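Per-entry structural report
Letter by letter, the chains look like this.
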Amino acid sequence: MSLTPQVKAILANYESDNPGTKANLVRLMNTGVLAGTGKLVILPVDQGFEHGPARSFAANPPAYDPHYHFSLAIEAGLNAFAAPLGMLEAGASTFAGQLPLILKCNSSNSLATEKNQAVTGTIADALRLGCSAIGFTIYPGSEYCFDQMNELRELAQEAKAAGLVVIVWSYPRGPMLDKAGETAIDICAYAAHMAAECGAHIIKVKPPTDALSLPAAKKVYLEQKIDISTMEARVRHVVQSTFAGRRIVIFSGGEHESTEALLDTIRGIHAGGGFGSIIGRNTFQRPREEALSLLSTITGIFKS
């Protein structure tokens, strides 16, 4: 498949990467119904580890089976499937070569009281399983954020040398931030910028709200009249904060009360120049046909 102008333009922003890493970026962008558009919709299923199996899968019991998620991502024509080591190992052979895989290399759990993550996957695991990328979470603002950034530096260096793409989940949390602060626009843009500075090829953040958390930042936003009035404007600002859009930024599905609220967020991400969505529970907790219909609508928005 030849490269589209959109994919070529994105690749040109990754000036230090070797052909292997660029080939895997191309594979991510040239898979599924969004192939060639420069947009990504990825299925992440690390929620069982993070929140527990019943909270994650009881609403749709077939989702307890890892094969369900592989096949859902393939049937929906998504760009990739991301999961921790155990889930990928449970289906890597059956679905080998059918879509790009992303090994989530660290995880937390809801039994822990500390805002930290354990490294549970290695670059050797990612290569053994045929992955195109690794995923890694950092918690800017946490007491452990510097340790996480040090771990990321080591894994990212090894991943890039092996030709893998590095995806960073950048989720602010910690003693300085309340729940509203975790998704405030100034914090979200800061978290995205930190991930870019840590060497991420692709950055995952939550959809930002119009809240402003840090007093020093709030002053600048008001003085400079930075538009944060709509999701479109806020997404545009987050993308701007990652080297003026030179890094791929994708947004999680967030917590929504209705399908229409979710789709409104997706429309805002697309209109603001976001590169796509990484959306898990909002899809796999629904009956399969309903999930496929929703994913078709989401990819259709990004393809428009």
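Each residue is numbered by its place in its chain's sequence as written, counting from 1. Given that the model is predicted, a residue must reach a pLDDT of at least 70 before its local features are reported, and side-chain atom pairs must reach 80 or more before they are shown or counted; all residues, however, enter totals for whole chains, interfaces and linings. Heavy atoms from the whole structure form the basis of all side-chain values; hydrogens and water molecules are not counted.

Per an unreviewed UniProt entry, the chain goes by the name fructose-bisphosphate aldolase and belongs to Asaia bogorensis NBRC 16594. Per its UniProt entry, the chain bears the Sequence similarities (unreviewed entry) comment "Belongs to the DeoC/FbaB aldolase family. FbaB subfamily." UniProt positions are given in the numbering used here, feature names are shortened, and annotations may be inferred rather than shown by experiment.

The aromatic pairing rule takes the rings of Phe, Tyr and Trp, using the six-membered ring of Trp, and pairs them if the centres are within 6.5 Å, calling planes under 30 degrees apart stacked, those over 60 edge-to-face and the rest tilted. Going through the model one piece at a time under the given rule, you end up with 4 aromatic pairs. Relative to tyrosine 64, the ring of phenylalanine 57 has its centre 5.6 Å away and its plane inclined at 65°; by these criteria the two rings are edge-to-face. Considering the side-chain rings of phenylalanine 70 and phenylalanine 95, the 4.9 Å spacing of their centres and the 10° angle between planes classify their relative orientation as stacked. Remark: phenylalanine 95 occurs in the loop between α6 (85-89) and β3 (101-104) and phenylalanine 70 occurs in helix α5 (residues 66-75); sequence separation between them is 25 residues. With respect to burial, phenylalanine 70 and phenylalanine 95 carry one shared label: buried. Through pairs of rings, three or more aromatic residues link up here, namely Phe57, Tyr64 and Phe284. In this scheme, Lys NZ or Arg CZ marks a charge over a ring once it lies within 6 Å of the ring centre and within 35 degrees of the ring normal. Above the ring of tryptophan 169, the side-chain terminus of lysine 104 is found at 5.2 Å from the ring centroid. Above the plane of the ring of tyrosine 171 lies lysine 206, whose end atom (NZ or CZ) is 4.8 Å from the centre. Strands are runs of DSSP state E lasting at least 2 residues, helices are runs of H or I lasting at least 4, and numbering of each runs from the N terminus. Think of it in three bands: with a 1.4 Å probe and only protein chains considered, a residue is buried below 20% of the maximum accessible area for its type, exposed above 50%, and partly exposed in between.

A separate point is the UniProt feature "active site" (unreviewed entry) in the chain. Residues annotated by UniProt as "active site" (unreviewed entry) correspond here to Tyr171 and Lys204. Sequence-wise these annotated residues cover 34 residues; spatially they are packed, their C-alpha atoms never more than 8.3 Å apart. Relative to the helices and strands, tyrosine 171 is located in the loop between β7 (165-170) and α9 (179-182). Classification of tyrosine 171 by relative accessible area gives buried; the value is 11%. Should any heavy atoms of two residues lie within 4.5 Å, those residues are considered in contact. With sequence-adjacent residues up to four places away left out, tyrosine 171 is seen in contact with Ile138, Tyr139, Pro140, Lys204, Val205, Lys206 and Ser252. Following the sequence through the fold, lysine 204 ends up in strand β8 (residues 202-205). Residue contacts for lysine 204: discarding those within four places in its chain leaves Val168, Trp169, Ser170, Tyr171, Ile250, Ser252 and Ile278.

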